[in-house]
Every structure is written in C-alpha cells, then in structure tokens.
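Secondary and tertiary structure notes
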Amino acid sequence: ALGGVRASSAERRLQVGYVTQDDVLPGTSTVAEHLHFHARVRLPWLPQEQRAALVASTLTALSLTRKASSLIGDAHMRGLSGGER
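Every chain is numbered independently, its residues counted from 1 as its sequence is written. A pLDDT threshold of at least 70 governs which residues receive local features in this predicted model, and a stricter bar of 80 or more applies before side-chain atom pairs are shown or counted, although totals over entire chains, interfaces and linings include all residues. Only hydrogens and water are removed before side-chain values are computed, so all heavy atoms of the structure are retained for them.

The way it works is that DSSP assigns letters per residue, a run of H or I at least four long becomes a helix, a run of E at least two long becomes a strand, and they are numbered from the N terminus. A tally of regular secondary structure across the protein gives three helices and zero strands. From first element to last, N terminus to C terminus, the protein shows the α and β order α-α-α. Looking at the protein as a whole, 20% of its 85 residues qualify as buried. Two residues form a contact once any of their heavy atoms are found within 4.5 Å. Considering only contacts in the protein between residues 6 or more positions apart, those separated by 24 or more positions represent 50%. To be clear on the numbers: accessible area is Shrake-Rupley with a 1.4 Å probe, and residue cover counts the displayed protein chains and nothing else. Accessible area of the protein: about 6600 Å², with a carbon and sulfur share of 55%. Remark: exposure states derive from per-residue accessible area (1.4 Å probe, protein chains only) relative to the maximum for the residue type, with buried under 20%, exposed over 50%, and partly exposed in between.

Before going further, it helps to examine the side chain of Thr30. Considering the arrangement of structural elements, one finds Thr30 in the loop between helix H1 (9–15) and helix H2 (31–42). Residues in contact with Thr30, not counting those within four places in the same chain, are Ala68, Ser69, Ser70, Leu71 and Ile72.

On to the confidence of the model for the protein. The pLDDT value tells you how sure the predictor is about a given residue, anywhere from 0 up to 100. Of all residues in the protein, 79% have pLDDT values of 70 or greater, and the mean over the chain is 81. When the elements of the protein are averaged for pLDDT, H1 gives the smallest value, 83, and helix H3 (residues 48–61) the largest, 94.

The backbone of Ser63 sits at a positive phi, close to 55°, despite the residue not being glycine. Structurally, Ser63 can be placed in the segment after H3.

Right, let's talk about the environment of Val16 for a bit. One can find Val16 in the loop between H1 and H2. Overall, the relative accessible area of 48% leaves Val16 in the partly exposed class. In this structure the C-alpha to C-alpha distance between Val16 and Leu2, which are 14 residues apart in sequence, comes to 9.4 Å.

Mapped onto the elements of the fold, Ser57 is located in helix H3. A relative accessible area of 38% places Ser57 in the partly exposed class.

Bringing the nonpolar core into the picture now. Formed by Val31, Ala32, Ala39, Val55, Leu59, Leu64, Ala68 and Ile72, the largest nonpolar core amounts to eight residues. When residues of this core are traced back to their parent elements, those giving at least two are H2 and H3. No other element matches the three residues that H2 contributes to this core. Once residues within four sequence positions are removed from consideration, Leu59 is found in contact with Val31, Leu35, Leu64, Thr65 and Ala68. The set of buried Ala, Val, Leu, Ile, Met, Phe, Trp, Tyr and Cys residues whose side-chain atoms join them within 4.5 Å is what this entry labels a nonpolar core.

See below:
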C-alpha cells in the first residue's frame, strides 16, 4: 500500500526505489548531479524543467539543499556523512 491505499506492483515501482545497504553512490558526483542523473534515467518523458523542479523539491524534502553541490564522497574521498547519504 502507498499512503494507506492499495497499489499494484507497477504503481509501487513508480513510487519506490530500492537502495542496497552497501554504498554504491559515486563518490566523485555531487548530490545534485546524482539526483539529476537518476531523474533523467527514471523520468525521461518529463521535460527538463520539471525534472529540475523535482530534484529541487527532493533536496528540500531531504534537508539536503545546502549539500546539493557537495561531493558524495567515498572511502577515499571526504564527502557526505553516513546519515546524509
């Protein structure tokens, strides 16, 4: 169910993404670059302006607006904290 409403598996796939426990984020990308990349891959039919607005609202919802231009980082390069990832 999504928001308490029964949803088909196709509807759930449009709303939910699976993230593994292992860190697979590209350390050399910024937070905004990574979100823009996934918006282009997952929502190719949306105009660029709408994808940009979605990325901005996602950054706001996750309280990451101030980190948008920060590198994600990895084991070899300093970046986001574990909680921010």
